[in-house]
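Okay, here's what each chain looks like letter by letter:
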Amino acid sequence: MKKIIYVFIIFTVISCTSNHKEKSTKVSYSKNIKIDSIYIEEVMLPNISTSFSGTFEIFDNKINFVDQRFGWVYEFNPNGKLVNRHLGQGAGPNEINTAYLDGYVNLKSGNHLFLGSTFDVHVHSDSSFERIKSYTFSWEGAQDVNKVRTSSSPDVNQFALYTLDYQNLIIREDQNGNVYLPIYGETQYFNGINSDFYYDKGHILARLNLKSGRIDKLLGKRSPQYLEQKYLPHHSFFSYDIDENNYFYVSHEIDSLIFKYDQNFDLVSVFGSKGRNMATDYITMKQFDSKLFKDLYFNKRPQLGWYSYLEFVDDVGLLFRSYTKGKHSDYDGLQIFEDETLIGDVQVPKSFRVKGYIEPYVYGELKTNDDSKLNLYRFKLENL
Amino acid sequence: MAMSLFSMLSTGFANGQIIKEDDSSGDKIICHCTMFGSCKASGSGSNCAQSEAGGNIQCSNYDGNC
């Protein structure tokens, strides 16, 4: 493989507010390209009975496909051979007792956490998938909900301001056993359509304490870029991951920069690089119009370029960021960062995102609306 | 003129809408429409489903009400 190496480092300084402390943080645009292309191969999977609505998760050398509609978890070996089918909807000890799985995370213990549409949490054991517990998590705040939601000067730390971001329900677990859920606001004075305050101060993650079953803290904030284009509620999503040292990496849909935080969500560093050939002519909204909003989100957004998914793969110490380019392109992009330096920006199939690693392959899936096929791919990392 | 933002804002209770009952009949679940048109326990829009105390509805079954 042709190897192109060049080093391009620019540092700037931006002023950021983190945990109410104003401080300057270095921004790095460091590049040292080691990977200029990857060879992606499809992992052939057997025909299975599935809704095709779901996601692949890689954990402990296993590949699971979680069927959100039917509640099945299909387990494959690294070569795509079907090993077993677990769960399925029902009330039995080895069944999942909810109608639709809005979220899933393979906990570090090996256990499986599923989230339903009614704040229902279902924890099942590692390999037997036997139910350990099911409960409704709690996130009642200290203040009257109606007052919080109708306040023209809301307190951003009040839970009642937020809604779970079901469109973007990336669930992660930190090293301390806390689980994180993306949130957004859609109340009258606190929302993405008419509120500077929402973008400037609003939080983006809720922390769920698994022991207490309660949301105990709200964290993070949106990119300053959102106040440069008023307003982009249909693009105000983000992706994030947590590495083995409890550092959070947050990538906002319209911002080329990646924000790195410590476990207290104090900003540590900012780095990144623009994706290639992205169509970023986003259409702003000046006032709420439900029909326009849905058109921009469901129809226009898929035709544009934006940063779509982050995955930090601890096994190889690399951060992968997927981005879409737009309808003009037959491909999307995948950036690879090593120690906050871009080492690759390669072409990948549309909607590809990295999900994990089983030596010697990095595995990923296509997040498409294709309801006729599961799409699992893998590639090797060369030249590293 | 477009409807003002979230004029359909409901009188939600706890966030989210799992209302603790004083008696022993269990919690009541209220589901709300999100701005994306889904019916969820979390949400600030109009009601799309509601259980009796101790009921066990799944909000996602009522997306059609949004």
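Undergrad: Can you help me understand the sheet that holds strand S12 (residues 120-124) of chain A in this one?
TA: Neighbouring strands of a sheet are bound in pairs by backbone hydrogen bonds; such pairs are parallel or else antiparallel. Residue and element names in this part refer to chain A. If you walk across this open sheet you meet the four strands as S10-S11-S12-S13, and the pairing is antiparallel. Both outer strands of the open sheet, strand S10 (103-106) and strand S13 (131-136), are each paired with one neighbouring strand and no more. On average, each strand axis in the sheet is tilted by 15 degrees relative to the strand beside it, whichever way the strands run. Examined bridge by bridge, S10 and strand S11 (residues 112-115) share four bridges and lie antiparallel to one another. Paired with valine 105 across the strands is leucine 113, a residue of S11.

Undergrad: In this structure, what is going on with the packing of aromatic side chains? I would like to understand it.
TA: A ring pair, where both rings are aromatic, is described by two values, the distance of the centres and the angle of the planes. Residues and elements named next belong to chain A. Taken as a whole, this structure holds 32 aromatic pairs over all chains when the rule is applied. With a centroid separation of 5.0 Å and an interplanar angle of 80 degrees, the aromatic rings of tyrosine 180 and phenylalanine 248 are classed as edge-to-face. Here the residue tyrosine 180 occupies a position in strand S16 (residues 178-187), and phenylalanine 248 occupies one in strand S21 (residues 248-252), the gap between them amounting to 68 residues. Owing to a relative accessible area of 1%, phenylalanine 248 belongs among the buried residues under this scheme. Their ring planes at 70 degrees and their centres at 6.3 Å tell us that phenylalanine 320 and phenylalanine 379 sit as a pair that is edge-to-face. With phenylalanine 320 in strand S25 (residues 318-323) and phenylalanine 379 in strand S30 (residues 376-380), this residue pair connects regions lying 59 residues apart in the sequence. One exposure class covers both phenylalanine 320 and phenylalanine 379, and it is buried. One aromatic cluster in this structure is built from Tyr162, Phe190, Phe197, Tyr198, Tyr199, Tyr226 and Tyr231. The ring of tyrosine 247 has lysine 260 sitting right over it, with the charged end atom 4.4 Å from the ring centre. Above the ring of tyrosine 361, the side-chain terminus of arginine 378 is found at 3.9 Å from the ring centroid.

The rules behind these values
The residue numbers shown here count from 1 along each chain, following its written sequence. Working convention: letters from A go to chains and numbers from 1 go to ligands, in the order in which they are written. Local features in this predicted model are restricted to residues whose pLDDT is 70 or higher, and side-chain atom pairs enter the listing and the counts only when it is 80 or higher, whereas totals over whole chains, interfaces and linings include all residues. Excluding hydrogens and water, the side-chain values take into account all heavy atoms of the structure. One requirement defines pairing of two strands: DSSP has to find at least two bridges between them. In this text, helices come from DSSP runs of H or I with a minimum length of four residues, and strands from runs of E with a minimum of two, each type numbered from the N-terminal end. The angle between two axes is taken between their N-to-C directions and runs from 0 to 180 degrees, where each axis is a line fitted to C-alpha atoms and a helix contributes only its stretch in contact. The pairing test for Phe, Tyr and Trp rings, Trp by its six-membered ring, is centres within 6.5 Å, and the orientation test on the planes gives stacked under 30 degrees, edge-to-face over 60, and tilted for anything in between. Burial status follows relative accessibility: with a 1.4 Å probe on protein chains alone, a residue under 20% of its type maximum counts as buried, one over 50% as exposed, and anything between as partly exposed. A ring is scored as having a charge over it whenever the NZ atom of a lysine or the CZ atom of an arginine sits within 6 Å of its centre and within 35 degrees of its normal.

Just distances and angles here, no functional claims.
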